[in-house]
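Given next are the chains, with one letter for each unit.
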Number of protein chains: 2
Amino acid sequence: MNKFMLIYNQMVDKIETGEYPPSTLLPSENELKDSFQTSRETIRKALNLLSQNGYIQKIRGKGSVVIDITKMNLPVSGLVSFKELAEKMGREPITTVHELSLIHPDRELTSHLNPHAKDLIWKVVRTREIGGEKVILDKDYLLKSAVPTLTKEVCEDSIYSYIENKLGLQISFAKKEILIEEPTEEDHSFLDIDGFHNVVVIRSQVFLEDASLFQYTESRHRPDKFRFVDFARRRPTV
Amino acid sequence: MNKFMLIYNQMVDKIETGEYPPSTLLPSENELKDSFQTSRETIRKALNLLSQNGYIQKIRGKGSVVIDITKMNLPVSGLVSFKELAEKMGREPITTVHELSLIHPDRELTSHLNPHAKDLIWKVVRTREIGGEKVILDKDYLLKSAVPTLTKEVCEDSIYSYIENKLGLQISFAKKEILIEEPTEEDHSFLDIDGFHNVVVIRSQVFLEDASLFQYTESRHRPDKFRFVDFARRRPTV
DNA sequence: CAGTGGTCTAGACCACCGA
DNA sequence: CGGTGGTCTAGACCACTGT
């Protein structure tokens, strides 16, 4: 692990356990540099990570203030798999695989996934059950050229974990779009959605570390179970 | 302007104009260092900004790939005022101020805004009209201690611009939460919402550069006009 | 004024990629 | 093997804050 990452993780711990309480100042960069026996730029990398993730606010001439995260909710934002998310929330999720097949892309899918001429595509349809109700319908499309094999068991567990841990691929970033739509026939047949007039649709393109697009996902949520939190800085942290 | 910011802006231009085309490699950090007559760390700051904002993907041992932004949509994500947003989309927005008053906080508002004992709060209720329809209802609450005066004209233009340009305050970050709710009486009376069964509610806490909370906003959107795009990296850029 | 964070530099070593 | 980006260092100067 990198030095700045170790320092970052230690400081996250100290903030979350209250050793660095909210609204107080962290030790100065020079003090941290000495106590961690490193250079100031390395300390600054760790502090910038803390800043990006909403733990501190740096103020020139004063110091770094610890931000109160009590009501900050969990950082759902970013790129998190359903399983990681459900586990963070302490729920035991149930995933049901309704379809797992290899298809040829139609025109619409081609526009989202940019496959090569004869690429086959994995199509995976799953529902997610929380508290006894099916509230999420996920339709994933993955390039077979990137993910040669895929099984029902993998889809019931976590495709992300399979890709990163078993295949050794690195997922690097995603573009997402969140919209509200009316439920389709498919939503009605797969989800417990009676009495709801809208679904939240999240369309994502997911990219590997070489910037190649390998997955397109449409995730359809019952609106009462949807929640998205976001921490946004107005100016960049460098 | 900082050197790395100048370099960043120039490179954004070159990417957006196609001088650095999608899926090609940028010049290496050493080449950029020479051509911009600077140090490699400064180049790296600019490249990290490009990476954070979805313009490039850095690949160790190879170089920095330009990401295809053609379908990338505008970066709506982050902290952008309604006016900035509408102008980016080329629409002429109409803002109507329905209420501008000073109130004492009730218990719920206190929990969102943490005012001091006798702080008064500006309450601003506005609707946003696009294409002849009222589609957004904004309810803003601002600490009078941070914003001493507020006029109808300012609220019709942009409160953010007033705060940053006239008052000289720096808005630094926001925590947001996006939820789907059923329309209230108030939604029905202020918005053109007949036939819609849900509204998208964005609750935000906005903070100044000294990490002090000064604004709480509830922004209620008609679901058909709501769209949120997001670019998320799985690993930090440092 | 001393102390804080912000920027910039020059140099070093490393892990990784492709020829 | 040379070139790429990733990390780390030590030092310098700056702008800003408080006393």
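Scroll up a little and you will see the structure.
Residues numbered from 1 in each chain as written. Chains lettered and ligands numbered in written order. Predicted model: local features only at pLDDT ≥ 70, side-chain atom pairs only at ≥ 80, totals over all residues. Heavy atoms only, no water.

Asks: In this structure, what is going on with the sheet that holds strand β5 (residues 133–143) of chain A? I would like to understand it.
Replies: Across a sheet, strands are paired by hydrogen bonds formed along the backbone, either parallel or antiparallel in direction. On the basis of which strands lie adjacent, the open sheet formed by seven strands has the order β3(A)-β4(A)-β5(A)-β8(A)-β7(A)-β6(A)-β9(B) and antiparallel pairing. Unpaired on one side and paired on the other, β3 (94–103) of chain A together with β9 (227–233) of chain B mark the two borders of the sheet. When strand polarity is set aside, the average angle formed by the axes of neighbouring strands in this sheet is 15°. Where strand β6 (residues 171–181) of chain A lies against strand β7 (residues 199–208) of chain A, 10 bridges are found, and the strand directions are antiparallel. When the sheet's bridge partners are listed, Phe173 of chain A is paired in β7 of chain A with Phe207 of chain A. Packing of helix α7 (residues 159–166) of chain A onto the sheet brings it into contact with β4 (121–130), β5, β6, β7 and β8 (213–221) of chain A, and relative to β6 of chain A it is tilted by some 170°. (Pairing = 2+ DSSP bridges. Helix = DSSP H or I, 4+ residues; strand = E, 2+ residues; numbered from the N terminus. Axes fitted to C-alpha atoms, helices over the stretch in contact; angles between N-to-C directions. Contact = heavy atoms within 4.5 Å.)

Asks: What is the right way to look at unusual backbone geometry in this model?
Replies: Most of the time, phi is negative for any residue but glycine, and the peptide bond is trans. All names here are of chain B. With a phi close to 45°, Asn114 is a non-glycine residue in the positive phi region. For Asn114, the position within the fold is in the loop between α5 (107–113) and β4 (121–130). On the basis of relative accessibility, which here comes to 49%, the residue Asn114 falls in the partly exposed class. For Ala211, which is not glycine, the phi dihedral falls at a positive 70°. With respect to the helices, strands and loops of the structure, Ala211 is situated in the loop between β7 (199–208) and β8 (213–221). On the basis of relative accessibility, which here comes to 19%, the residue Ala211 falls in the buried class. (Buried < 20%, exposed > 50% of the residue type's maximum accessible area, 1.4 Å probe, protein only.)

Asks: Just checking my understanding: could you explain the protein's contact with DNA strand C for this structure?
Replies: Around DNA strand C sit 24 residues in total, of which Glu29, Arg40 and Glu41 of chain A together with Lys3 and Thr38 of chain B are the nearest. For DNA strand C, the backbone portion of the atoms within 4 Å of the protein, that is sugar and phosphate, comes to 68%. Between a phosphate oxygen of DNA strand C and a side-chain N or O atom of Lys58 of chain A, the distance comes to 3.0 Å. Between DNA strand C and the protein, one listed contact pairs a phosphate oxygen with a side-chain N or O atom of Thr42 of chain B at 2.8 Å. Every element with two or more residues in the surface near DNA strand C is listed here: α3 (40–52), β1 (56–59) and β2 (63–66) of chain A together with α1 (3–16) and α3 (40–52) of chain B. The class makeup of the residues in the surface near DNA strand C is three nonpolar, nine polar and 12 charged. (Near = heavy atom within 4 Å. Polar contact = N/O pair within 3.5 Å; in protein donor to acceptor, adjacent residues only side chain to side chain. Nonpolar A, V, L, I, M, F, W, Y, C, P; charged D, E, K, R; others polar.)

Asks: Even after reading the chapter, I still don't get the protein's contact with DNA strand D, so can you show me in this structure?
Replies: Near DNA strand D, the surroundings consist of 24 residues, among which Lys3 and Thr38 of chain A together with Glu29, Arg40 and Glu41 of chain B are the closest. Restricting attention to atoms of DNA strand D within 4 Å of the protein, one finds that 67% of them are sugar or phosphate atoms. Within the backbone of Phe4 of chain A, a nitrogen or oxygen atom sits 3.4 Å from a phosphate oxygen of DNA strand D. Here a phosphate oxygen of DNA strand D sits 2.7 Å away from a polar atom, N or O, in the side chain of Arg44 of chain B. Among the secondary structure elements, those contributing two or more residues to the surface near DNA strand D are α1 (3–16) and α3 of chain A together with α3, β1 (56–59) and β2 (63–66) of chain B. Across the surface near DNA strand D, the residue classes break down as three nonpolar, nine polar and 12 charged.

Asks: Help me understand the interface of chain A and chain B in this model?
Replies: Interface size is commonly expressed as the accessible area that is lost once the parts come together. On the chain B side, the residues contacting the 52 residues of chain A number 52 residues. Taken together, both faces of the contact between chain A and chain B bury some 4600 Å²; the carbon and sulfur share is 54%. Here chain A and chain B share six salt bridges between them. Linking chain A to chain B there are 22 residue pairs in polar contact (both at pLDDT 80 or more). It is β6 of chain A that contributes the most residues to the side of chain A that touches chain B, 10 residues altogether. Here the residues of the side of chain A that touches chain B are counted per class, giving 26 nonpolar, 11 polar and 15 charged. In the sheet, β6 of chain A pairs with β9 of chain B via seven bridges, with the strands oriented antiparallel. The partner of Glu177 of chain A across the bridge, within β9 of chain B, is Val229 of chain B. (Buried area = accessible area lost by both parts, 1.4 Å probe. Salt bridge = Lys/Arg side-chain N within 4 Å of Asp/Glu carboxyl O.)

Asks: I'm lost on the relation of the copies chain A and chain B in this one. Help?
Replies: There are two copies of the chain, and a rotation about an axis plus a shift along that axis relates them. Its rotation angle being 180°, the transformation that places chain A on chain B also includes 0.0 Å of axial translation and leaves an RMSD of 0.0 Å. Viewed as a symmetry operation, the transformation between the two copies matches a two-fold axis. In terms of proximity to the rotation axis, the leading residue of chain A is His197 of chain A, whose C-alpha is 3.1 Å off the axis. When the interface residues of chain A are mapped onto chain B, 100% of them again lie at the interface, so the same face is used by both copies. (Least-squares fit on C-alpha atoms with pLDDT ≥ 70 in both.)

Asks: Even after reading the chapter, I still don't get the packing of aromatic side chains, so can you show me in this structure?
Replies: Describing an aromatic ring pair means giving the distance of the ring centres and the angle of the ring planes. Residues and elements named next belong to chain A. Within the structure shown, the criterion is met by seven aromatic pairs over all chains. When the centroid spacing of 6.2 Å and the interplanar angle of 25° are considered together, the rings of Tyr141 and Tyr216 count as stacked. A residue pair is termed long-range when its members are at least 10 positions apart, and Tyr141 in strand β5 and Tyr216 in strand β8 qualify at 75 residues. For the pair formed by Tyr141 and Tyr216, the shared burial category is buried. (Phe/Tyr/Trp six-rings, centres within 6.5 Å; stacked < 30°, edge-to-face > 60°.)

Asks: Before we go on, may I ask you to explain the packing of α1 of chain B against α3 of chain B in this structure?
Replies: A pair of packed helices can be characterised by two numbers: the angle between their axes and the separation between those axes. Residues and elements named next belong to chain B. Relative to each other, α1 and α3 sit at 50°, their axes nearing to 8 Å. Classified by the angle their axes make, α1 and α3 are oblique. The handedness of the crossing between α1 and α3 is right-handed. Note on element contacts: α3 touches α1 through Thr42, Ile43, Lys45, Ala46, Leu47, Leu49 and Leu50, opposite Lys3, Phe4, Met5, Ile7, Tyr8, Met11, Val12 and Ile15. A class-by-class count of the residues in the contact of α1 with α3 yields 12 nonpolar, one polar and two charged. (Parallel < 35°, antiparallel > 145°, perpendicular 65-115°, else oblique. Left-handed = near helix turned anticlockwise from the far one by under 90°.)

Asks: For this particular structure, what's the right way to read α3 of chain A?
Replies: Side chains of residues three or four places apart in an α-helix project in the same direction, reflecting 3.6 residues per turn. Residues and elements named next belong to chain A. Given a rise of 1.5 Å per residue, 13 residues ought to cover 18 Å, and the 18 Å separating the end C-alpha atoms of α3 matches this to within 8%. Three or more residues of α3 are buried, namely Thr42, Ile43, Ala46, Leu47, Asn48, Leu49, Leu50 and Ser51. Packing partners of the buried residues in α3 comprise α1, α2 (29–35), β1, β2 and β9 (227–233). Just downstream of α3, Gly54 is the residue with a positive phi angle, here 80°. (Expected span 1.5 Å × (residues − 1).)

Asks: Even after reading the chapter, I still don't get α1 of chain B, so can you show me in this structure?
Replies: Residue and element names in this part refer to chain B. Along its 14 residues, α1 runs 20 Å from first to last C-alpha, staying within 8% of the 20 Å computed at 1.5 Å per residue. Listed in full, the buried residues belonging to α1 are Phe4, Met5, Ile7, Tyr8, Met11, Val12 and Ile15. Buried residues in α1, looked at end-on, bunch into an arc of 160°, giving them a common side. The inward-facing, buried residues of α1 abut α2 (29–35), α3, β1 and β2. Gly18 lies just past α1 and shows a positive phi near 90°. (Arc of directions from axis to C-beta.)

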